[in-house]
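# Geometric and topological summary
One letter stands for each residue in the lines below.
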Amino acid sequence: MLRPVVVTAGIILERSRVLIAKRNYRGFMGGMWEFPGGKVEQGETPSVCLARELDEELAIKAARITYFDSSFYEYGRRRILLIGMLVEDLLCPPIVKEHEEIAWVEFSELQSVQLAPADVPFARRLKRIQIAHDSGSS
């Protein structure tokens, strides 16, 4: 069996919103939304990979990147291990460089956008976090 490709995804938070990016229409899963990130290169840690990818794709630099969750998914013959990393304290606003567009969405809005399948478990977890937070603050 093929080893999965290890890919990172940035869960970029701003209050109760998260940044999502629409994949380029010309590529694999074109037009779907995702948490931005990319393939871990040989010798890279997930956090180093994500910092590099966010700089390349969105001109973002962050003060803090920490582990969030992992997701395994098979896209036909492609198998990926998606490592979600929380990205907090942005040092500059994102700029669209490689995606079709970006959007800040409330956690509850994630179910209304067409997310790449491997990203869906992260969206569900964010919604549970929001529900727990909302019920604890009432």
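You'll find the structure just up there.
Residues numbered from 1 in each chain as written. Predicted model: local features only at pLDDT ≥ 70, side-chain atom pairs only at ≥ 80, totals over all residues. Heavy atoms only, no water.

## Quick look at the overall build of the chain
When its secondary structure is counted, the chain shows two helices and six strands. In the chain, the succession of helices and strands from N to C terminus is β-β-β-α-β-β-β-α. Computed over C-alpha atoms, the radius of gyration of the chain comes to 15 Å, within 12% of the 14 Å expected from 2.2 N^0.38 for 138 residues, which places it in the range of a compact globule. Its C-alpha atoms give the chain principal-axis dimensions of about 50 × 30 × 30 Å. Out of the 138 residues belonging to the chain, those deemed buried represent 38%. Contacts in the chain between residues at least 24 apart in sequence constitute 69% of all its contacts with a sequence separation of at least 6. Surface accessibility of the chain: about 7800 Å² in total, with carbon and sulfur atoms responsible for 52%. Of the charged side chains in the chain, 18 are positive and 19 negative; the average position of the first set lies 5 Å away from that of the second. (Helix = DSSP H or I, 4+ residues; strand = E, 2+ residues; numbered from the N terminus. Rg over C-alpha atoms; globule rule 2.2 N^0.38 Å. Buried < 20%, exposed > 50% of the residue type's maximum accessible area, 1.4 Å probe, protein only. Contact = heavy atoms within 4.5 Å. Areas by Shrake-Rupley, 256 points an atom, 1.4 Å probe, with all protein chains shown as cover. Lys, Arg positive; Asp, Glu negative; His and termini not counted. Charge placed at Lys NZ, Arg CZ, Asp CG, Glu CD.)

## Overview of the environment of Ile 83
Positionally, Ile 83 belongs in strand E5 (residues 78-90). Ile 83 sits in the buried class, given a relative accessible area of 11%. As a C-alpha pair, Ile 83 and Phe 28 span 55 residues in sequence and 19 Å in three-dimensional space. Setting aside residues no more than four positions away along its own chain, Ile 83 makes contact with Val 6, Val 7, Thr 8, Ala 9, Pro 46, Tyr 67, Asp 69, Ser 70 and Phe 122.

## Examining the state of the cysteines
Scanning the entire structure with this criterion turns up zero disulfides. Free cysteine: Cys 49, not disulfide-bonded; nearest cysteine sulfur from Cys 92 at 18 Å. Look at Cys 92 and you get partly exposed, because its relative accessible area is 25%. (Disulfide = S-S within 2.5 Å.)

## Some remarks on the packing of aromatic side chains
Two measures describe an aromatic ring pair: the distance that separates the ring centres and the angle between the ring planes. Going through the model one piece at a time under the given rule, you end up with three aromatic pairs. Between Phe 35 and Phe 122 the ring centres are 6.4 Å apart and the planes differ by 45°, which places this aromatic pair in the tilted class. Here Phe 35 is found in the loop between strand E3 (33-34) and helix H1 (46-58), whereas its partner Phe 122 is found in helix H2 (residues 120-136), with 87 residues between them in sequence. Pair check on accessibility: Phe 35 and Phe 122 agree, each one buried. (Phe/Tyr/Trp six-rings, centres within 6.5 Å; stacked < 30°, edge-to-face > 60°.)

## Regarding the nonpolar core
Looking at soluble globular proteins, one finds that nonpolar side chains tend to be buried together. Counting residues in hydrophobic clusters, the biggest one holds 23 residues, and the most contacted among them are Ile 11, Val 18, Phe 35, Leu 82, Leu 110, Phe 122 and Leu 126. Sorting the residues of this core by element identifies strand E1 (5-14), strand E2 (17-22), strand E4 (62-75), E5 and H2 as the ones contributing at least two each. One finds Ile 12, Leu 19, Ile 60 and Val 87 within the second-largest nonpolar core, a separate group that totals nine residues. (Core = buried A, V, L, I, M, F, W, Y, C linked by side-chain atoms within 4.5 Å.)

## As for unusual backbone geometry
Positioned with a positive phi, Ala 59 is a non-glycine residue whose angle comes to about 55°. If you trace the backbone, Ala 59 turns up in the loop between H1 and E4. For Asp 89, which is not a glycine, the phi torsion comes out positive at approximately 60°. For Asp 89, a relative accessible area of 42% puts it in the partly exposed group.

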